[in-house]
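# Overview (structure and organization)
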Amino acid sequence: MNRTLHLVAAAIFTGGTALFAQTAVPDISFDANADLLRAPLDTFVGEVGGVGATSKGQIFVYTRTGHPYATLGDNRTFYRNGSRLFQFDATGKFVRELGQDVYGFNAAIGLRVDPQDNVWTIDAGANQVVKFDTEGNVALVLGRKPETMVVRPAAPRPEGAPGAGPGGPGGAAARRPGEGTPGSTFFRPTDVAWDAAGNIYITDGLGNNNRVAKFDKEGRFIRQWGATGAAPGEFRGLKAIAIDARGDVYVADVGNKRIQVFDADGKFKSEFAGVGTPIAMCLTRGATQHLYISHAGDTDGMEDAAIYKVRLDGTVVGKFGSAGKLPKEFGLANSIDCRTENELLIGELTNWRVQKVTLKSAATR
Amino acid sequence: MKRSLPLVPLVAALVAAASFTLLPLAAQTRATATNVPVIPHEAVPNFFKNAPGIYTGENMGIATNSKGNVYIYHRANETRLFEYTPQGQFVREIGRNNYGFAFAHSVRVDAQDNIWAVDEGTDMLVKFSPEGRVLMTIGRREDPILSILNMPGNGTYHGRNEKYRFGRQTDVAFDQQGNIFVSDGYFDARVVKYDKNGRFMKAVGKRGTGNLEFNTPHSIATDFQGNVYVGDRGNARVQVLDNDLGWKANYPNVGNPWAVCVSGGPGPKNPGKQYLYSSNSWQDSAPAAGAEFTGEVYKLELDGTIVGKFGRAGKAAGEFATIHQMDCRDPNIIYTAEINNWRSQKILLRPS
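Secondary structure summary: chain A contains one helix and 28 strands in total. Across the 365 residues that make up chain A, the buried fraction comes to 61%. Of the contacts made within chain A by residues no fewer than 6 positions apart, 49% connect residues no fewer than 24 positions apart.

Taken residue by residue, the interface counts 35 residues in chain B and 41 residues in chain A. The junction of chain B with chain A conceals about 3400 Å² of combined surface from both sides, 57% of it contributed by carbon and sulfur atoms. In this structure, Arg 199 of chain B engages Glu 329 of chain A in a salt bridge whose closest nitrogen and oxygen atoms are separated by 3.8 Å. Counting residues per element, the side of chain B that touches chain A draws most heavily on helix H2 (residues 144-149) of chain B, which supplies five residues. Its residues assigned to classes, the side of chain B that touches chain A comprises 15 nonpolar, 10 polar and 10 charged.

In this section: the packing of aromatic side chains. Residue and element names in this part refer to chain A. For the structure on display, the rule yields 30 aromatic pairs over all chains. Look at Phe 30 and Phe 320: their rings are 5.1 Å apart centre to centre, the planes differ by 55°, and that puts the pair in the tilted class. Taken together, the residues span a long stretch of sequence, with Phe 30 in strand E1 (residues 30-33) and Phe 320 in strand E23 (residues 316-320) at a distance of 290 residues. On the accessibility criterion, Phe 320 (2% relative accessible area) is buried.

What follows is about the sheet that holds strand E18 (residues 258-262) of chain A. Strand pairing in a sheet is mediated by backbone hydrogen bonds. Such pairs are either parallel or antiparallel. Residues and elements named next belong to chain A. With respect to topology, four strands assemble into an open sheet ordered E16-E17-E18-E19, the strand pairing being antiparallel. Each edge of the open sheet is held by one strand with a lone partner, namely strand E16 (238-243) and strand E19 (268-272). For this sheet, the mean inter-axis angle between neighbouring strands, taken without regard to orientation, is 20°. Pairing geometry for E16 and strand E17 (residues 249-253), over five bridges, is antiparallel. In the strand pairing of E17, Leu 238 is matched with Asp 253.

Procedures and definitions
Residues numbered from 1 in each chain as written. Chains lettered and ligands numbered in written order. Predicted model: local features only at pLDDT ≥ 70, side-chain atom pairs only at ≥ 80, totals over all residues. Heavy atoms only, no water. Helix = DSSP H or I, 4+ residues; strand = E, 2+ residues; numbered from the N terminus. Buried < 20%, exposed > 50% of the residue type's maximum accessible area, 1.4 Å probe, protein only. Contact = heavy atoms within 4.5 Å. Buried area = accessible area lost by both parts, 1.4 Å probe. Salt bridge = Lys/Arg side-chain N within 4 Å of Asp/Glu carboxyl O. Nonpolar A, V, L, I, M, F, W, Y, C, P; charged D, E, K, R; others polar. Phe/Tyr/Trp six-rings, centres within 6.5 Å; stacked < 30°, edge-to-face > 60°. Pairing = 2+ DSSP bridges. Axes fitted to C-alpha atoms, helices over the stretch in contact; angles between N-to-C directions.

See below:
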């Protein structure tokens with residue numbers, strides 16, 4: 001398990017040179033407010049796993065902050081804390097915290113706001129996707145947090161045994177690597193999207209599973225697709241997902257440095273590359289939809305980064321940003337909100353912030 | 001070998017200490033300087049005052065800002081950063097429960113009064129504005145999922161020498177241009193230079209005993225000319241580097257430098273004469289064996305000439321049980337943070 005994760009991490013960040021094959025991508029001029037969020041002095045936004053805005057402009061941030069704890073139990077170790085969910089108003093003023101002390105806020109990796117303004121958190125530690133309604137109540141929980149975490153290298157356990165982590169079918173018929181177990185047994189899930197009917201699509205993920213899992217709006221499992229590999233319909237780490245107005249499903253296949261496109265049943269339609277190593281993706285809502293795709297070519301967010309604006313056919317329209325710590329630079333831009341096409345919210349891991357980016361040049365058409 | 005049997009309990013104690021924290025590879029040694037004049041000193045009694053219910057734990061880092069306020073970075077139940085007035089009254093806490101605090105190591109204040117916490121649990125530097133907002137971070141906390149799966153126990157030297165990841169880095173310093181120097185650390189053995197925007201410029205060093213080699217570079221300071229003074233603790237010397245991290249000199253006669261500081265503050269440059277202080281700290285396990293010949297702080301000219309020394313190992317006021325960091329903005333007022341005594345002291349030196 002341990003080694004697999006390393007391989008995935010390595011696969012995600014090796015190279016990033018594919019983007020150089022594509023020449024003359026126009027630069028989009030832009031401004032950024034890097035000091036957007038104003039939390040109280042005793043409340044800290046850490047690594048931003050996900051950021052999203054509601055239709056009323058409220059900004060939600062799911063962040064790795066505070067301390068991940070291992071609590072000793074009777075011959076077992078429990079894992080808790082590590083992430084929090086904050087709400088800010090459109091100007092960045094702190095409004096409130098949601099989900100205080102819930103069971104599964106451990107390693108924030110994503111946040112999305114659905115068309116009804118519900119807020120969905122994705123947690124790679126708890127292996128859970130949680131829906132908060134507009135009142136802040138928990139409305140749906142997908143996946144289950146592993147009861148315990150292995151904190152020392154131990155003797156190999158049978159797949160599916162308690163503590164071994166999910167991902168194995170546990171004695172069922174042999175499956176292809178990464179195919180996953182039908183249902184909500186996630187392993188480091190990363191993102192969520194919805195189609196027009198409210199069906200839920202989850203990328204699962206950066207662990208042993210390499211699949212998209214589809215549920216109905218009540219959370220009932222419908223189908224899954226994918227396995228580990230580089231062929232069409234296979235993945236090496238799924239990091240982000242978006243669904244366009246026609247119902248086509250775009251998946252950021254981070255290790256294979258490509259975006260794959262499927263129909264709503266998971267049938268492969270097309271793929272495109274030329275967007276570097278895609279670690280975040282957002283689909284605009286206008287009549288002509290575009291994708292914004294965050295490229296991270298190094299693990300530190302200091303060498304090679306850009307955000308691409310891409311047509312749905314994969315044509316790169318332009319790019320902006322570079323790696324670093326200053327305003328208008330990005331340190332692992334892990335989350336993009338593009339509710340407003342030329343005014344983006346971009347959450348970063350290493351810089352502990354959300355930047356509000358305003359795109360200016362004609363290249364944004 | 002003939003002495004090995006009586007040493008067994010000591011070795012066992014050292015191994016036990018190593019399993020927790022800071023043991024240098026070489027045991028703490030006697031300073032080789034001789035005939036050093038003693039500088040009279042006194043401790044301000046009970047200088048730091050906390051409100052009821054507020055405690056500091058192991059005091060790992062201490063630093064003053066330009067207004068004389070004092071910051072103490074310490075290991076209580078949680079690692080915490082406290083601010084005090086120049087009169088020693090508790091003012092407030094900074095950075096509570098932020099993602100970069102897990103295991104305090106040191107704290108420094110730069111020329112703009114920003115506060116830099118050096119945390120060896122998260123392998124991060126966190127730069128706070130004077131009001132306590134996060135302005136920048138360098139280094140990155142290990143991904144929590146990877147870290148729990150790979151829980152390495154006590155950890156070990158790896159020397160991986162990456163641009164933006166530390167191996168239990170120990171301290172930070174700044175030159176007049178705002179460049180950032182990091183001593184790194186227990187699991188690496190190097191000095192890393194970043195520009196003021198946190199962009200990597202250069203790293204030198206690996207584990208060893210030669211010039212530009214280190215055995216736990218534990219503390220770091222700069223002078224107004226931009227020279228860099230590295231407390232090379234395990235090698236029992238201060239290594240002096242130029243601003244481009246080229247080797248200049250070794251000061252090998254002041255014991256094992258756990259903490260170094262250069263007077264004058266981080267800048268801007270002022271006409272005051274600068275001195276280097278180096279603490280030959282009593283080990284953090286407070287072994288009786290070392291009590292007689294450690295615990296003193298040396299005062300040196302920047303060229304390495306020893307001016308004098310003060311202090312000794314102990315628990316009483318004015319004695320030191322493992323100084324881990326010093327602030328010497330004013331060369332005659334030394335703030336000392338101590339591990340074993342769970343305290344910091346304000347020390348007044350009486351020159352001549």
